[in-house]
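Summary of the model geometry
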Amino acid sequence: MFYPALGIILALVMIGVCVAIYKAFRIEHEVLVVAERRQRREEMARRIGKTVTVSRSTDISKRR
């Protein structure tokens, strides 16, 4: 025997599970994006720092 109310309850539970999974994946994605952006910023800062240091030491060498 099939109870229509049971079907509705199961459908609502499935929708709730889908929403919970979506939220969890979205949060995880945001964390990964933030980490990737931070890593890119740090790498860019390292590259810029190296070029500035090299160009400044070259300028100082030319002055002597």
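See the structure printed just above.
Counting from 1, residues in each chain are numbered in the order their sequence is written. The predicted nature of this model means local features are confined to residues of pLDDT at least 70 and side-chain atom pairs, given and counted, to a pLDDT of 80 or more, with totals for whole chains, interfaces and linings taken over all residues. Side-chain measures were taken over the full set of non-hydrogen atoms in the model, leaving aside hydrogen atoms and water.

1. A look at the overall build of the chain
Every helix listed is a DSSP run of H or I at least four residues long, and every strand listed is a run of E at least two residues long, numbered separately from the N terminus. A count of helical and extended segments in the chain gives one helix and zero strands. The buried label applies to any residue whose accessible area, calculated with a 1.4 Å probe on protein chains only, is under 20% of its type's maximum; exposed applies above 50%, and partly exposed to all values in between. Across the 64 residues of the chain, 0% fall into the buried class. Accessible surface area values rest on a Shrake-Rupley calculation with a 1.4 Å probe, where residue burial reflects the displayed protein chains alone. Counting only carbon and sulfur atoms, one obtains 67% of the accessible surface of the chain, whose full area is about 6,300 Å².

2. Observations concerning a nonpolar patch on the surface
Residues Ile-9, Val-13, Val-17, Ile-21 and Phe-25 make up a contiguous nonpolar surface patch of about 460 Å² in total accessible area. Take Val-13: it is sitting in helix H1 (residues 4–63). On the accessibility criterion, Val-13 (44% relative accessible area) is partly exposed. Note on patches: the residues involved have over 30% relative accessible area and no salt bridge, like charges join within 9 Å, and the nonpolar side chains Val, Leu, Ile, Met, Phe, Trp and Tyr join within 5 Å. Here, a salt bridge means any Lys or Arg side-chain nitrogen found within 4 Å of an Asp or Glu carboxyl oxygen.

3. A few points about the pattern of salt bridges
Evaluation of the coordinates by the stated rule reveals three salt bridges. Residue Arg-46 pairs with Glu-43 through a salt bridge whose shortest N-O separation is 2.6 Å. Highlighted residues: Arg-46 and Glu-43, both in helix H1, separated by three residues, approximately one helical turn. A relative accessible area of 34% means that Glu-43 is categorised as partly exposed.

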